[in-house]
Amino acid sequence: MKFLSIGFLFVTLVCMSHGSALGKDGLLQHLWQKFKKSHGKSYLSEEHEQERFGIFEQNIELIEKHNNEYSMGMHSYTLGVNPFTDWTVEEFKEHMLGTKYNKTQRGLSSGNFVRLPKQVQVPDEIDWRKEGAVTEVKNQGQCGSCWAFSTTGSLEGAHFRATNQLVSLSEQQLVDCSSKYDNHGCNGGLMDNAFEYIKDNGGLDTEESYPYSAHQGKCKFDKKNVAATVSGFVDIPTGDEEALKEALATVGPVSVAIDVEDKFMFYKDGIFVDKHCGSSMGDLDHGVLAVGYGTNTTNEGESMDYWVVKNSWGPHWGENGYIRMARNLKNMCGISTAASYPLVKDQRN
C-alpha cells in the first residue's frame, strides 16, 4: 500500500480553489477513488461506502487545514492521507491503541536506573537503526497489541547488543501467552508485564517460528525456538527526559508509552508537537519504541530537539514507519513517563 502524496493533495486542492473543471465534489471523488485503489478498500454496501466517504471528506478537510497552517509556519510537522483516512478517531483509538496504565501503575523494576556522573557527556545524537540494532517496521493490524511490539523492539535491541545478532522476535507469543501477567492480547497490555512474562517463561520465540496473526489464540510457545531471554527490566525515572536520553545513549532502544490524540493518526513528517496530548500515567495509551534522538536545525538557525520513535503501523505511516517527537518540550505526550528496558546478559566472547 502506498500513501497519496501530500504534494499531490496540496496541488489538487489548490487547483480546486482556482476553478478546476472537476469542481470540489468531483475532486473529492477523484481523491476517494485513488484512496480506495491505493489501500485496497472495499465496503459492504453502497450505504456503507457513502458513510465512509463522509468520514474521508471530514478528514481531508482536517489534513488540508493543518498543512495550510504548516505552510504559514504554524506547525512543525505535516499530515498526510493514509489507510486511516476513512476512520473516525474513535475507531482508530479502539483498534490501533492498547497500552493501559492507571494513574500510578508501573512494573516492579528489577533494578534501579543508574545515572551517569555529571562530568560524563553522552552524544548529541544517536540512532540505533544505523548501528543495526533495530528490525524492520512491523504492522500490528487492527489489534491493540502495540505493547507487544514495543516489548519485542527493546528486547531485539538488547539482544543485539549482547550477541551482535539481530533477531526478529515474536509479538504473537506475547499476545497469546502472557494473559496471566495482566496483559490482554488485542485489548491492551503493558511492556513491563511482558518483560516479567519473558523472564519467568524462559524466553521468547522468533518471529519466524511464531508468526504474527493480529488476533489472540491458543499459546503455542515452543522452548526449542527461544531466541532471546530476559533477566529483568529497569524503569527509567518517570518524566525525566535527560534520563531517557542517557538510557538511549548507553543501553539501546527503549520501550516507551505515549498519549495519542487525533492528529497523530495522520502524521506524515516533521517534528510532532501536540498541545492536546497528556503526559500523566493515566493518559498513556500507545506503546512504541524510542530508537534515538537528535536536533533539527533549520536554514534560519532555529533548532528543535526530537526523539526518533518506531511505531507498529507499517512502513507507510509517518516517516517510513517512524515519527520524530519533540524532545525537551515538557515531556511531550508523556514519552518519558513510563520508559523501560529489559536486562539481557552479555553473551559476546
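Residues numbered from 1 in each chain as written. Predicted model: local features only at pLDDT ≥ 70, side-chain atom pairs only at ≥ 80, totals over all residues. Heavy atoms only, no water.

The name that an unreviewed UniProt entry assigns to the protein chain is Cathepsin L, with the source organism given as Brachionus plicatilis. Per UniProt, the comment on the protein chain under Sequence similarities (unreviewed entry) is "Belongs to the peptidase C1 family." (UniProt positions renumbered as here; feature names shortened; annotations may be inferred.)

Asks: Teacher, can you tell me more about the state of the cysteines here?
Replies: Disulfide: a covalent bond formed between the sulfur atoms of two cysteine residues. Applying the stated criterion across every chain yields a total of three disulfides. Note that Cys177 is cross-linked by a disulfide to Cys219, the S-S spacing being 2.1 Å. Disulfide Cys177 to Cys219: torsion about the S-S bond roughly 100°, handedness right-handed. Residue Cys177 is found in helix α6 (residues 171–177), and its partner Cys219 is found in the loop between β4 (204–205) and β5 (226–228); the two are separated by 42 residues along the sequence. Described in terms of the sequence order of its bonded cysteines, the disulfide pattern of the protein chain is 1-3, 2-4, 5-6. (Disulfide = S-S within 2.5 Å. Helix = DSSP H or I, 4+ residues; strand = E, 2+ residues; numbered from the N terminus.)

Asks: Could you clarify how one ought to interpret the pattern of salt bridges in this entry?
Replies: Following the criterion strictly, the structure yields 15 salt bridges and no others. Among the ionic pairs, Lys41 bridges to Asp86, the shortest N-O distance being 3.1 Å. Of the two residues, Lys41 is situated in the loop between α2 (23–39) and α3 (46–71) and Asp86 in the loop between β1 (77–79) and α4 (89–96); the sequence distance between them amounts to 45 residues. Assessed through its relative accessible area of 2%, Asp86 is described here as buried. Taking the shortest distance from any N to any O, the salt bridge between Lys199 and Asp200 comes out at 3.9 Å. Within this structure, Lys138, Glu156, Glu171 and Glu207 form a network of salt bridges that share partners. (Salt bridge = Lys/Arg side-chain N within 4 Å of Asp/Glu carboxyl O. Buried < 20%, exposed > 50% of the residue type's maximum accessible area, 1.4 Å probe, protein only.)

Asks: Any chance you could explain the environment of Phe84 here in plain terms?
Replies: In this structure, Phe84 sits in the loop between β1 and α4. Classification of Phe84 as buried rests on a relative accessible area of 8%. Placed 233 residues apart in sequence, Phe84 and Trp317 show a C-alpha to C-alpha distance of 9.7 Å. Dropping the residues within four chain positions of it, Phe84 is found in contact with Asn59, Phe92, Met96, Met265, Phe266, Trp313 and Trp317. (Contact = heavy atoms within 4.5 Å.)

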